[in-house]
Amino acid sequence: QKEVEQDPGPLSVPEGAIVSLNCTYSNSAFQYFMWYRQYSRKGPELLMYTYSSGNKEDGRFTAQVDKSSKYISLFIRDSQPSDSATYLCAMSGYDKVIFGPGTSLSVIP
Amino acid sequence: GAGVSQTPSNKVTEKGKYVELRCDPISGHTALYWYRQSLGQGPEFLIYFQGTGAADDSGLPNDRFFAVRPEGSVSTLKIQRTERGDSAVYLCATATGSAGELFFGEGSRLTVL
């Protein structure tokens, strides 16, 4: 079993839809949880960063962490064509950061 | 510079050759990571430096791969006797500390023929 699993996608949604992206993990030492966005042929860029269980909201994006279930989610409201990218969950204890395999999202105008 | 700089951006080499990939971090960032990303996959952890020392090199696939960061700034990933399976994008990321926000470069795309 990989340390971090992610819904494989690809996902294709109409503009304005709500998108849900999910990851599960096996290592209970993970304390920090992140979502990165990666456009084609670019390096990943940080979208959301959370510590501990609960919700964190930033504009159209909401990150949710449930440490008891080892499950994290990213919700995108009012999705836009510019949100089309690969979304990577990432997590760490106090050292290396481990990434999930990514979910490719296409938002159709 | 303002961001993480990686050179070369593209490298084509022949099987068996030696390759060096360079990463210039954001000034002041003490943590530096190397990842490998294959098409359609997430970044795969290779090695992590805190300052000059390798804090964790458990992701290096075999002894053909080696990385250094002699002065705690620029890092070089070295691959000996390249194989076709080494073809991937090699990403460098830096951070102000461990477990924090990573700032990525645009990657070095390695193709081994």
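A brief report on the enclosed structure follows. (Residues numbered from 1 in each chain as written. Chains lettered and ligands numbered in written order. Predicted model: local features only at pLDDT ≥ 70, side-chain atom pairs only at ≥ 80, totals over all residues. Heavy atoms only, no water.)

## A look at the overall build of chain A
- What chain A contains, in helices and strands, is 0 helices and 11 strands.
- Compactness check: chain A gives a C-alpha radius of gyration of 13 Å against a globular reference of 13 Å for 109 residues, within 12% of the reference.
- Principal-axis analysis of the C-alpha atoms places the extent of chain A at approximately 40 × 30 × 20 Å.
- Placing the 10 positive and 11 negative side-chain charges of chain A at their respective mean positions leaves the two points 5 Å apart. (Helix = DSSP H or I, 4+ residues; strand = E, 2+ residues; numbered from the N terminus. Rg over C-alpha atoms; globule rule 2.2 N^0.38 Å. Lys, Arg positive; Asp, Glu negative; His and termini not counted. Charge placed at Lys NZ, Arg CZ, Asp CG, Glu CD.)

## Some words on the interface of chain B and chain A
- With 21 residues of chain B in contact, the opposing surface of chain A contributes 21 residues.
- Summed over both sides, the interface between chain B and chain A buries roughly 1,600 Å², with carbon and sulfur atoms accounting for 52% of that surface.
- Here chain B is connected to chain A by 2 salt bridges.
- Here B:Glu106 and A:Lys42 are joined by a salt bridge, their closest N and O atoms 3.5 Å apart.
- For the interface between chain B and chain A, the tally reads 6 residue pairs in polar contact (both at pLDDT 80 or more).
- Per element, the largest residue contribution to the side of chain B that touches chain A is 3 residues, and it comes from strand β4 (residues 31-37) of chain B.
- When its residues are assigned to classes, the side of chain B that touches chain A shows 9 nonpolar, 8 polar and 4 charged. (Contact = heavy atoms within 4.5 Å. Buried area = accessible area lost by both parts, 1.4 Å probe. Salt bridge = Lys/Arg side-chain N within 4 Å of Asp/Glu carboxyl O. Polar contact = N/O pair within 3.5 Å; in protein donor to acceptor, adjacent residues only side chain to side chain. Nonpolar A, V, L, I, M, F, W, Y, C, P; charged D, E, K, R; others polar.)

## A look at the environment of B:Val112
All names here are of chain B.
- Among the secondary structure elements, Val 112 is positioned in strand β11 (residues 108-112).
- Considered as a pair, Val 112 and Lys 17 are 95 residues apart in the sequence and their alpha carbons are 8.8 Å apart.
- Val 112 has contacts with Thr 13, Glu 14, Lys 15, Thr 82, Glu 83, Arg 84, Asp 86 and Ser 87, leaving out every residue within four places of it along the chain.

## Description of the sheet that holds strand β3 (residues 19-24) of chain B
Residue and element names in this part refer to chain B.
- Here 4 strands make up an open sheet; going across it, the order is β1-β3-β8-β7 and the pairing antiparallel. What marks the edges here is a single partner per strand, and that holds for β1 (5-7) and β7 (65-68). Taking the axes of each pair of neighbouring strands and ignoring which way they run, one obtains an average angle of 15 degrees across the sheet. (Pairing = 2+ DSSP bridges. Axes fitted to C-alpha atoms, helices over the stretch in contact; angles between N-to-C directions.)

## A closer look at the nonpolar core
- Among the nonpolar cores identified, the biggest contains 43 residues, and A:Trp35, A:Ile72, A:Leu74, A:Phe99, B:Tyr33, B:Tyr35 and B:Leu102 are the most heavily contacted of them.
- Those residues within four positions of A:Ile72 in sequence are excluded, and the remaining contacts are A:Leu21, A:Asn22, A:Cys23, A:Tyr25, A:Phe33, A:Met34, A:Trp35, A:Gln64, A:Val65, A:Cys89 and A:Met91.
- B:Leu21, B:Ile26, B:Phe65 and B:Leu77 belong to the second largest nonpolar core, which has 20 residues in total. (Core = buried A, V, L, I, M, F, W, Y, C linked by side-chain atoms within 4.5 Å. Buried < 20%, exposed > 50% of the residue type's maximum accessible area, 1.4 Å probe, protein only.)

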